[in-house]
Amino acid sequence: MDVRTALSQGARLLEDAAPAAPRLNAEVLLAHAMHRERAWFYGHPDDELTETAWLHYGRYLHERLQGKPTQYITKRQEFYGREFLVTPDVLIPRPETEHVIEAALMRVQAGDAAIDIGCGSGAIAVTLALECARARVFSTDVSLAALRVAAENARRLESNIRLIACDLASAFPDASVDVVVSNPPYVAARDAESLQREVRDWEPHVALFGGPDGLDVCRRL
């Protein structure tokens, strides 16, 4: 099977299952299966898939049809121009969260201590540390699995953030912190059924739901 046919068939399958952007999803999954960039397809539509690439592509399409987010299949998500590792242990970084970075960058000065509470993948903390090289950036999370993902992202992107397992900022009872950033859980438990299944069934509930009205964590923070 050639690239053109594989993309066409994949997009049709995904379109029938009604996820958003079926063609884009098919391209991302095929690129992952073939270890290529998506742009490569435009110059090689007649290239044949290897048997291994076809098998991987078929498995990825099946997972996507079951509702698994594309980012959890490829284990990648771009954030603020950098590629981050993501797993089902962490929320998938959203483009709108980049506004948190923009707001923080206007406040963080050289030598400041900044803390990212509930760091998840580490996207915010790692980005702040790289964009504000002279700031001291700490990041906390109650999830050890999430902290492992954040640690791997810090290693891969050569960021010197300091990771701490604790509830909110409980590890800093007496410390002076100049800037606090956070993307806390804020979805009301009663709204769970209204979420997209990719979010409700796959992303970690500890990072999504903030109690009956969604504000439990925000109040404590």
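Located above this text is the structure these notes cover.
Because the structure is a prediction, the values reported are computed rather than measured.

Novice: Looking at this model, I keep getting lost on the overall build of the protein chain. Mind explaining?
Specialist: Of regular secondary structure, the protein chain possesses ten helices and six strands. The C-alpha extent of the protein chain, read off along each of the three principal axes, is 65 × 40 × 25 Å. Put simply, of all contacts in the protein chain between residues at least 6 apart along the chain, 63% involve residues at least 24 apart. Working note: accessible area of the protein chain is about 11,700 Å², and carbon and sulfur atoms make up 50% of it. The positive charge centre, built from 24 side chains, and the negative charge centre, built from 32, are 2 Å apart in the protein chain.

Novice: Just checking my understanding: could you explain the sheet that holds strand E4 (residues 136-141) for this structure?
Specialist: Pairing between the strands of a sheet is mediated by backbone hydrogen bonds and can be parallel or antiparallel. Spatially, the four strands line up as an open sheet ordered E5-E4-E3-E6, and their pairing is parallel. The sheet is open, and its two edges are formed by strand E5 (162-165) and strand E6 (179-182), each paired on a single side. Here the strands of the sheet are splayed against their neighbours by 20 degrees on average, with no regard to which way each runs. Two elements, strand E3 (residues 113-117) and E6, share four bridges in a ladder whose sense is parallel. Among the inter-strand pairings, Ile-115 is bridged to a residue of E6, identified as Val-180. Relative to E5, helix H7 (residues 144-156) is tilted by about 175 degrees, and along the sheet it contacts E4 and E5.

Novice: What am I meant to see in the packing of aromatic side chains here?
Specialist: Applying the stated criterion across every chain, the model contains four aromatic pairs. Ring geometry for Phe-79 and Phe-84: centres 6.2 Å apart, planes at 80 degrees, overall edge-to-face. In this pair, the class of Phe-79 matches that of Phe-84, namely buried.

Novice: For this particular structure, what's the right way to read H7?
Specialist: Residue pairs three or four apart in sequence face the same way in an α-helix, which turns once every 3.6 residues. For H7, with 13 residues, the first-to-last C-alpha span of 18 Å sits near the 18 Å given by 1.5 Å per residue. Of the residues making up H7, those classed as buried are Ala-145, Ala-146, Leu-147, Val-149, Ala-150, Asn-153 and Ala-154. In the core, the buried residues of H7 are packed alongside strand E2 (82-85), helix H6 (123-131), E4 and E5. Looking at the residues trailing H7, positive phi occurs at Glu-158, about 55 degrees.

Novice: Please clarify how the nonpolar core should be interpreted in this entry.
Specialist: Grouped burial of nonpolar side chains is what soluble globular proteins tend to show. Ranked by internal contacts, the top residues of the largest apolar core, which has 20 residues, are Phe-79, Ile-101, Val-108, Leu-128, Val-137, Ile-161 and Val-181. For this core, the elements supplying multiple residues, two or more each, are helix H5 (98-105), H6 and E6. Considering every element that reaches this core, the biggest residue donor is H6, with six residues. Once residues lying within four places of it in the same chain are set aside, the contact partners of Phe-79 are Phe-84, Pro-93, Arg-94, Thr-97, Glu-98, Ile-101, Ala-123, Ile-124 and Thr-127. Residues Leu-14, Leu-29, Ala-33 and Phe-41 belong to the second largest nonpolar core, which totals 19 residues.

Novice: Which parts of the structure should I look at to understand the layout of surface pockets?
Specialist: Empty space left among the atoms is revealed by rolling a probe the size of a water molecule over them. Considered as a void within the structure, the largest pocket measures approximately 920 Å³ in volume. If you trace the largest pocket, you find 27 residues lining it, with Val-28, Thr-70, Gln-71, Arg-76 and Gln-77 closest to the centre. Elements that contribute at least two residues to the lining of the largest pocket include exactly helix H2 (22-34), helix H4 (70-74), strand E1 (76-79) and helix H8 (197-200). Broken down by element, the lining of the largest pocket gets its largest block of residues, four residues, from H2. Residue composition of the lining of the largest pocket, by class: eleven nonpolar, six polar and ten charged. Put simply, the second largest pocket is a space of about 790 Å³. Counting residues per element, the ones that place at least two in the lining of the second largest pocket are E3, H6, E4, helix H9 (205-208) and helix H10 (216-220).

Here is what the cut-offs are and how they apply
Residues numbered from 1 in each chain as written. Predicted model: local features only at pLDDT ≥ 70, side-chain atom pairs only at ≥ 80, totals over all residues. Heavy atoms only, no water. Helix = DSSP H or I, 4+ residues; strand = E, 2+ residues; numbered from the N terminus. Contact = heavy atoms within 4.5 Å. Areas by Shrake-Rupley, 256 points an atom, 1.4 Å probe, with all protein chains shown as cover. Lys, Arg positive; Asp, Glu negative; His and termini not counted. Charge placed at Lys NZ, Arg CZ, Asp CG, Glu CD. Pairing = 2+ DSSP bridges. Axes fitted to C-alpha atoms, helices over the stretch in contact; angles between N-to-C directions. Phe/Tyr/Trp six-rings, centres within 6.5 Å; stacked < 30°, edge-to-face > 60°. Buried < 20%, exposed > 50% of the residue type's maximum accessible area, 1.4 Å probe, protein only. Expected span 1.5 Å × (residues − 1). Core = buried A, V, L, I, M, F, W, Y, C linked by side-chain atoms within 4.5 Å. 1 Å grid on protein atoms, 1.4 Å probe; cavity = no way out; pocket = protein on both sides within 12 Å on 5 of 7 lines; lining within 4 Å. Points joined across faces, edges and corners; volume = space filled by probe spheres on them. Nonpolar A, V, L, I, M, F, W, Y, C, P; charged D, E, K, R; others polar.

In short, geometric facts, not functional conclusions.
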